[in-house]
Amino acid sequence: MKEAKLEIIQNYPLGPLTTFNIGGPARYFVSVSTEEALQEALQYASTRRMQTFILGSGSNILVSDRGFSGLVISNRIFGFDCRTSDGYATVRVCAGEDWDRTVQRCVEHGWSGLECLSGIPGTIGAAPIQNIGAYGQNFSDVVTEVRAIDRESNSVVRLDNTACEFRYRESIFNTKMNARYVVTGVTLRLAIGGRPTITYQDLKDRFADTSTVTLAEVREAVIEIRSQKGMVLLPGHPGFKSVGSFFKNPIISLTDFEKVQIRLREPSQDVKKRWFWMIAPEQVKISAAYLIEHAGFHRGCRQGRVGISPRHSLALVNYGGGTAEEMVALAGRIQQAVYEKFGVLLKPEAQFVGFSEKPLK
């Protein structure tokens, strides 16, 4: 391993590095631009028995008001290259690259597989951790390999799609091995000249004739839909200080879903609004936003300096000067209300950083 000169900064403010704009400082902070520098930073923390946190764009985290007591490593490893063969593009992208910019580049080249994932904030490094997905596509559909640093050996490893154990918003990177690997890059397999994916109802409603729709048109439509929901953090699109969807859409059994239907006590069940999806014979995915609204939390409601976005009830918002304590209190109220009314426990999609205890159930 080549030595890299590390510039360790003390008491570095983290709030401005997050889309929530909330949180205290990192006791120690370092930015790395190579795998070698990342390995050295991990070794630095290990020898001093420090906790570490890998920071991308800060678009899916809530930092404690106390900050983080260990070493925050900002992943700034950049790189993008590809090769084409047999009708497919094999694209290798480093973890520090911007996710939406990567999607844009692939769409411009005519490579299908990512177009419905347009407008999602964050970096490439976060994609395999959460198995990001939207509008009928998932990251796991196109990734063939994840490159990472194994903390146990401080060496570079490559994990294929199967080894990553992708599920809805989950992988080994945020479940059973969430402390072992640091993602440094991914390899994607995209179809050259492939047709765009138009399975999501919002997209079907946009296009009368889906046979002639281009990848660029689907990308534009997805960004527009997300923008209307206040979920786009791109220039020219009004946004809010949030992490987008704060909670995951719950997946429950068909039996539990029938109980939810009864508890809604609405004869029509608001049939014009799509709020559930059958994903297996005995499994149903429910819109968390729908449950939140029917538990009494309307769009735009506030609790002090934080609240719910006026555009989407799944997005919690810092309206200015909000704290992590306030955000956790609001999220806890929502979680408790939904559970008491529907018997469904909403699980946070946002990651909590620097908290001494798990802030939510």
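Residues numbered from 1 in each chain as written. Predicted model: local features only at pLDDT ≥ 70, side-chain atom pairs only at ≥ 80, totals over all residues. Heavy atoms only, no water.

**Considering helix α2 (residues 99–109)**
Here's step 1: Looking at α2, one finds that the buried residues are Trp99, Asp100, Thr102, Val103, Cys106 and Val107. What you see down the axis of α2 is that its buried residues fit within an arc of 155 degrees, all on one side.
Here's step 2: Contacts made by the buried residues of α2 are with β6 (80–85), β7 (88–94), β8 (111–112), α3 (127–130), β13 (181–192) and α6 (215–228).
Here's step 3: You can read the cap of α2 off the contacts: a side-chain oxygen lies 3.2 Å from the backbone nitrogen of aspartate 100, and it is on aspartate 98. (Buried < 20%, exposed > 50% of the residue type's maximum accessible area, 1.4 Å probe, protein only. Helix = DSSP H or I, 4+ residues; strand = E, 2+ residues; numbered from the N terminus. Arc of directions from axis to C-beta. Contact = heavy atoms within 4.5 Å. Polar contact = N/O pair within 3.5 Å; in protein donor to acceptor, adjacent residues only side chain to side chain.)

**A word on the packing of α2 against α6**
Here's step 1: Two numbers describe how α2 lies on α6: the axes approach to 9 Å, and their chain directions differ by 155 degrees. One way to sum up the angle between α2 and α6 is to call them roughly antiparallel. The two elements α2 and α6 meet at a crossing, and its hand is left-handed. Of the residues in α6, those in contact with Asp100, Val103, Gln104 and Val107 of α2 are Leu215, Ala216 and Arg219. (Axes fitted to C-alpha atoms, helices over the stretch in contact; angles between N-to-C directions. Parallel < 35°, antiparallel > 145°, perpendicular 65-115°, else oblique. Left-handed = near helix turned anticlockwise from the far one by under 90°.)

**Considerations on the pattern of salt bridges**
Here's step 1: Scanning all chains against the criterion turns up 14 salt bridges.
Here's step 2: Across the salt bridge formed by arginine 180 and glutamate 152, the nearest N and O atoms sit 3.7 Å from each other. Remark: glutamate 152 occurs in the loop between β11 (143–150) and β12 (155–160) and arginine 180 occurs in the loop between α4 (161–164) and β13; sequence separation between them is 28 residues.
Here's step 3: Under the relative-accessibility criterion, glutamate 152 is labelled exposed at 64%. (Salt bridge = Lys/Arg side-chain N within 4 Å of Asp/Glu carboxyl O.)

**Topic: the sheet that holds strand β19 (residues 316–318)**
By way of backbone hydrogen bonds, the strands of a sheet pair with one another, either parallel or antiparallel.
Here's step 1: Strand order across the open sheet formed by 3 strands is β17-β18-β19, with antiparallel pairing between neighbours. Two strands bound the open sheet, and with one partner strand each, they are β17 (302–303) and β19.
Here's step 2: In this sheet, strand β18 (residues 306–308) lies alongside β17 in antiparallel orientation, the contact comprising 2 bridges. Following the sheet pairing, arginine 302 is matched in β18 by glycine 307.
Here's step 3: Lying on the sheet, helix α9 (residues 324–342) is in contact with β17, β18 and β19; it crosses β19 at an angle near 160 degrees. (Pairing = 2+ DSSP bridges.)

**Notes on the layout of surface pockets**
Here's step 1: Counted as a void, the second largest pocket has a volume near 310 Å³.
Here's step 2: Its residues assigned to classes, the lining of the second largest pocket shows 8 nonpolar, 9 polar and 3 charged. (1 Å grid on protein atoms, 1.4 Å probe; cavity = no way out; pocket = protein on both sides within 12 Å on 5 of 7 lines; lining within 4 Å. Points joined across faces, edges and corners; volume = space filled by probe spheres on them. Nonpolar A, V, L, I, M, F, W, Y, C, P; charged D, E, K, R; others polar.)

**Considering the environment of arginine 189**
Here's step 1: Mapped onto the fold, arginine 189 is located in strand β13.
Here's step 2: Here arginine 189 falls in the partly exposed class, since its relative accessible area comes to 44%.
Here's step 3: The sequence separation of arginine 189 and valine 143 amounts to 46 residues, and the corresponding C-alpha distance is 6.3 Å.
Here's step 4: Setting aside anything within four residues of it in sequence, one finds arginine 189 in contact with Tyr88, Ala89, Val142 and Thr144.

**Details of the environment of isoleucine 192**
Here's step 1: In this fold, isoleucine 192 is placed in strand β13.
Here's step 2: When its relative accessible area of 38% is taken as the criterion, isoleucine 192 is described as partly exposed.
Here's step 3: Separated by 18 residues in sequence, isoleucine 192 and asparagine 174 have C-alpha atoms that sit 31 Å apart.
Here's step 4: Those residues in contact with isoleucine 192 that lie beyond four places of it in its chain are Thr84, Gly87, Tyr88, Ala89, Gly110 and Trp111.

**Focus: helix α7 (residues 254–264)**
Here's step 1: Among the residues of α7, those classed as buried are Phe257, Val260 and Leu264. Angularly, the buried residues of α7 cover 55 degrees about the axis, an arc narrow enough to put them on a single face.
Here's step 2: Against β14 (251–253), β15 (276–280), β16 (283–286), α8 (288–294) and α9 lie the buried residues of α7.
Here's step 3: Two residues or fewer after α7 comes arginine 265, characterised by a positive phi angle close to 55 degrees.

**Re the sheet that holds strand β2 (residues 25–32)**
Here's step 1: As summarised here, the arrangement of the 4 strands in space is β1-β2-β5-β3, forming an open sheet in which the pairing is mixed. Both outer strands of the open sheet, β1 (9–13) and β3 (52–55), are each paired with one neighbouring strand and no more. For this sheet, the mean angle separating the axes of adjacent strands, direction not counted, is 45 degrees.
Here's step 2: In the packing of helix α1 (residues 35–47) onto the sheet, contacts are made with β2, β3 and β5 (68–75), and the angle to β5 comes to roughly 170 degrees.

**Observations concerning the environment of cysteine 301**
Here's step 1: Considering the arrangement of structural elements, one finds cysteine 301 in the loop between α8 and β17.
Here's step 2: As for cysteine 301 and methionine 231, which are separated by 70 residues in sequence, their C-alpha atoms are 17 Å apart.
Here's step 3: For cysteine 301, the contacting residues outside a window of four places in its chain are Gly307 and Ile308.

**Re unusual backbone geometry**
Here's step 1: Of note, the phi angle at asparagine 131 is positive, near 50 degrees, even though the residue is not glycine.
Here's step 2: Mapped onto the secondary structure, asparagine 131 falls in the loop between α3 and β9 (133–134).
Here's step 3: The class of asparagine 131 is buried, set by a relative accessible area of 3%.
Here's step 4: At arginine 169, a residue that is not glycine, the phi angle is positive and equals roughly 60 degrees.
Here's step 5: Along the chain, arginine 169 turns up in the loop between α4 and β13.
Here's step 6: The buried category is assigned to arginine 169, whose relative accessible area is 13%.

**Topic: the nonpolar core**
Here's step 1: Core analysis: the largest hydrophobic core is formed by 42 residues, its most contacted members being Trp99, Leu114, Phe139, Leu188 and Leu203.
Here's step 2: The contacts of leucine 188, once residues within four sequence positions are left out, are Ala89, Thr90, Val91, Leu114, Phe139, Val142, Val143 and Thr144.
Here's step 3: Listed in part, the 37 residues of the second largest apolar core include Leu62, Phe257, Tyr290 and Ala331. (Core = buried A, V, L, I, M, F, W, Y, C linked by side-chain atoms within 4.5 Å.)

Note that all results are geometric; they support no functional claim without further evidence.
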